[in-house]
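Chain by chain, the residues run as shown.
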Amino acid sequence: MAALRDALIETMLLDEEQFRRRLPDLVDTHQLRTVDPDHAGDSPAGIIRALDGFETGSVTPFERGYIAKMVRLGTAPLGLALTGPAYQDNPVRYATQTLQEMTGYSLATLRGENLRLLQGPATDPEAVATLQEGIDIWERRTVELWNYRADGTRFKNRVTIVPLTGPDGSITNWLGVQEAIDTADS
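Now for a quick tour of the structure. What you see is a predicted model; the values in this text were computed from it and never measured.

1. Regarding helix 4 (residues 61–72)
Line of reasoning, step 1. Here helix 4 spans 17 Å end to end across twelve residues, near enough to the 16 Å set by a 1.5 Å rise per residue.
Line of reasoning, step 2. The buried count for helix 4 comes to ten of twelve residues, which makes it a mostly enclosed element.
Line of reasoning, step 3. Restricting attention to buried positions, one finds in helix 4 the residues Phe62, Glu63, Gly65, Tyr66, Ile67, Ala68, Lys69, Met70, Val71 and Arg72.

2. Digging into the packing of aromatic side chains
Line of reasoning, step 1. On inspection of all chains with the given rule, the structure shows two aromatic pairs.
Line of reasoning, step 2. Pairing Phe62 with Tyr66 gives two aromatic rings, centres 5.2 Å apart and planes at 65°, and the pair type is edge-to-face. Of the two residues, Phe62 and Tyr66 both sit in helix 4, four residues apart, roughly one turn of that helix. Here the two residues Phe62 and Tyr66 agree in accessibility, since each one is buried.
Line of reasoning, step 3. Both rings, one in Trp138 and one in Trp174, keep their centres 6.1 Å apart while their planes meet at 10°; by these two values the pair is stacked. Note that Trp138 is positioned in the loop between helix 7 (125–137) and strand 3 (141–148) and Trp174 in strand 5 (residues 171–182), a separation of 36 residues in sequence.

3. Some details on the side chain of Thr96
Line of reasoning, step 1. For Thr96, the location among the structural elements is in the loop between strand 2 (92–95) and helix 5 (97–103).
Line of reasoning, step 2. You can call Thr96 buried: its relative accessible area is 0%.
Line of reasoning, step 3. In this structure, Thr96 is in contact with Met70, Gly74, Leu78, Gly79 and Leu80, ignoring residues within four places of it in sequence.

4. Observations concerning the environment of Thr142
Line of reasoning, step 1. Relative to the assigned elements, Thr142 resides in strand 3.
Line of reasoning, step 2. Residue classification places Thr142 among the partly exposed positions, given a relative accessible area of 38%.
Line of reasoning, step 3. Sequence separation between Thr142 and Gly176 is 34 residues, and the spatial gap between their C-alpha atoms is 9.6 Å.
Line of reasoning, step 4. Apart from residues no more than four positions distant in its own chain, Thr142 is found in contact with Arg158, Val159 and Thr160.
Line of reasoning, step 5. For Thr142, the side chain forms a polar contact with the side chain of Thr160, separated by 2.8 Å.

5. Some points on the environment of Gln119
Line of reasoning, step 1. As for its placement among the helices and strands, Gln119 is situated in the loop between helix 6 (107–110) and helix 7.
Line of reasoning, step 2. The contacts of Gln119, once residues within four sequence positions are left out, are Val128, Asn147 and Tyr148.

6. Considering the sheet that holds strand 3
Line of reasoning, step 1. Taken in spatial order, the five strands make up an open sheet running 2-1-5-4-3, and their pairing is antiparallel. Taken across any chain shown, the strands that pair with only one partner, and hence form the sheet edges, are strand 2 and strand 3. For this sheet, the mean inter-axis angle between neighbouring strands, taken without regard to orientation, is 30°.
Line of reasoning, step 2. Strand direction decides the pairing type here: strand 4 (residues 154–165) and strand 5, joined by ten bridges, are antiparallel. Bridge pairing in strand 5 links Asn157 to Ala180.
Line of reasoning, step 3. Each of strand 1 (79–83), strand 2, strand 4 and strand 5 is contacted by helix 4, which is oriented at about 170° to strand 1, the strand it contacts most.
Line of reasoning, step 4. Lying over the sheet, helix 7 contacts strand 3, strand 4 and strand 5, oriented at roughly 135° with respect to strand 3.

Rules behind the numbers
- Residues numbered from 1 in each chain as written.
- Predicted model: local features only at pLDDT ≥ 70, side-chain atom pairs only at ≥ 80, totals over all residues.
- Heavy atoms only, no water.
- Helix = DSSP H or I, 4+ residues; strand = E, 2+ residues; numbered from the N terminus.
- Expected span 1.5 Å × (residues − 1).
- Buried < 20%, exposed > 50% of the residue type's maximum accessible area, 1.4 Å probe, protein only.
- Phe/Tyr/Trp six-rings, centres within 6.5 Å; stacked < 30°, edge-to-face > 60°.
- Contact = heavy atoms within 4.5 Å.
- Polar contact = N/O pair within 3.5 Å; in protein donor to acceptor, adjacent residues only side chain to side chain.
- Pairing = 2+ DSSP bridges.
- Axes fitted to C-alpha atoms, helices over the stretch in contact; angles between N-to-C directions.

Dropping the structure here:
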């Protein structure tokens, strides 16, 4: 899944036009039969308007572009989250269907929360510190740690965070990519 994770991140970082061109290749190369074809040609604003209970004014135009891409990839086998802005403790702005299913949390519950709500008694503080260091110095990080679902069951999660540069060149948001690598509660 590392190749898929890297390809998803690379594709997510493309502008809208490049993303649209690259999406069919990404789907074909990684056999992503679960990518949402209903939204493949939609505009970012149209995609946001179609989301249940999601108001376009609740996110910035920059975030709308990323959310539109995430909706198109929403059922890919890795969970995606858009968080930020960093100065507000990185609240979740959007989480894909896969991430919601992986964690048992609805988008309505996740929105506005920091993903540390997935942490619990067995979460490795060193892994958390590594993620925090990445946020502090604005660099990509990948860790494995125990996280907890809404029902309290734990799962081993491979988390990658990637800083997103806004239109003015500053880091404004974060892309999180999550993969449940062990679902056994041991």
